[in-house]
Amino acid sequence: MADLLIFSMNKNFLIKKNGSTLVELLVSIALFLVVITIVVGGFTRGLKTNRQLLATIAVNSNISFMIEKMSREMRTGSGFQVLNPGEISFANSQGEEITYKLMGKSIYRKVDLNPAQQVTDDSVSVELFTFDIIDFFNLSPYSPRIRLFLGIRPTGASSGVKTIFIQTTVSSRNFLP
């Protein structure tokens, strides 16, 4: 009788299952779908962030070039006048009358009476472009300083990027006390 008991106990341990139940299959599919949804959501968010970052880098590069060009002219210029909000005029080192002006969402540069030419790229949307001349009446022993305020953002598909605000100050080298 002892042999029969051992056999029946071992028999329970030797029983094999040859498949899985429907409930187990549904749980594993649901778990798989949850994991895939999280991975795909993260991937698409990463692509969107990458697109916004590339657009911001392109805008920053374009505006940096434009500010450097404008600052170089202002450093050697004289006779600064803020004509309207978003418009400044001065004489450059060659004596030409230079005007920088915000028209629409782009910045334009005009030399003397020639037609204005666009300085910013079409991928740049200029939201703010104003000037402030410090010591306009030359009351201090220092050269006049021009403070430039810019608000920029990329145009097009990367509309999730917020406006980037930039402020810089340029000091004229052509100062006669």
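Cut-offs applied
Residues numbered from 1 in each chain as written. Predicted model: local features only at pLDDT ≥ 70, side-chain atom pairs only at ≥ 80, totals over all residues. Heavy atoms only, no water. Salt bridge = Lys/Arg side-chain N within 4 Å of Asp/Glu carboxyl O. Helix = DSSP H or I, 4+ residues; strand = E, 2+ residues; numbered from the N terminus. Buried < 20%, exposed > 50% of the residue type's maximum accessible area, 1.4 Å probe, protein only. Pairing = 2+ DSSP bridges.

> How do you make sense of the pattern of salt bridges when you look at a structure like this?
Should their charged atoms come close, side chains of opposite charge can pair. Under the defined criterion, the tally for this structure stands at four salt bridges. For the salt bridge of Glu73 with Arg109, the shortest nitrogen-to-oxygen distance reads 2.5 Å. With Glu73 in helix α2 (residues 22–75) and Arg109 in strand β4 (residues 106–111), this residue pair connects regions lying 36 residues apart in the sequence. With a closest N to O distance of 3.0 Å, Lys105 and Glu127 form a salt bridge. A residue pair is termed long-range when its members are at least 10 positions apart, and Lys105 in the loop between β3 (97–103) and β4 and Glu127 in strand β6 (residues 124–134) qualify at 22 residues. Using a relative accessible area of 35% as the deciding quantity, one classes Glu127 as partly exposed.

> In this structure, what is going on with the pairing of strand β1 (residues 78–84)? I would like to understand it.
The side chains of a regular strand alternate between the sheet's two faces. Relative to strand β2 (residues 87–91), β1 runs antiparallel, the two sharing four bridges. Residue pairing for β2: Gln81 is matched across the bridge by Ser89. From the end of β1 to the start of β2, which pair antiparallel, there are two residues, and Gly86 there has a positive phi angle of about 85°.

It is worth stressing that arrangement in space is one thing and function is another; only the former is reported here.
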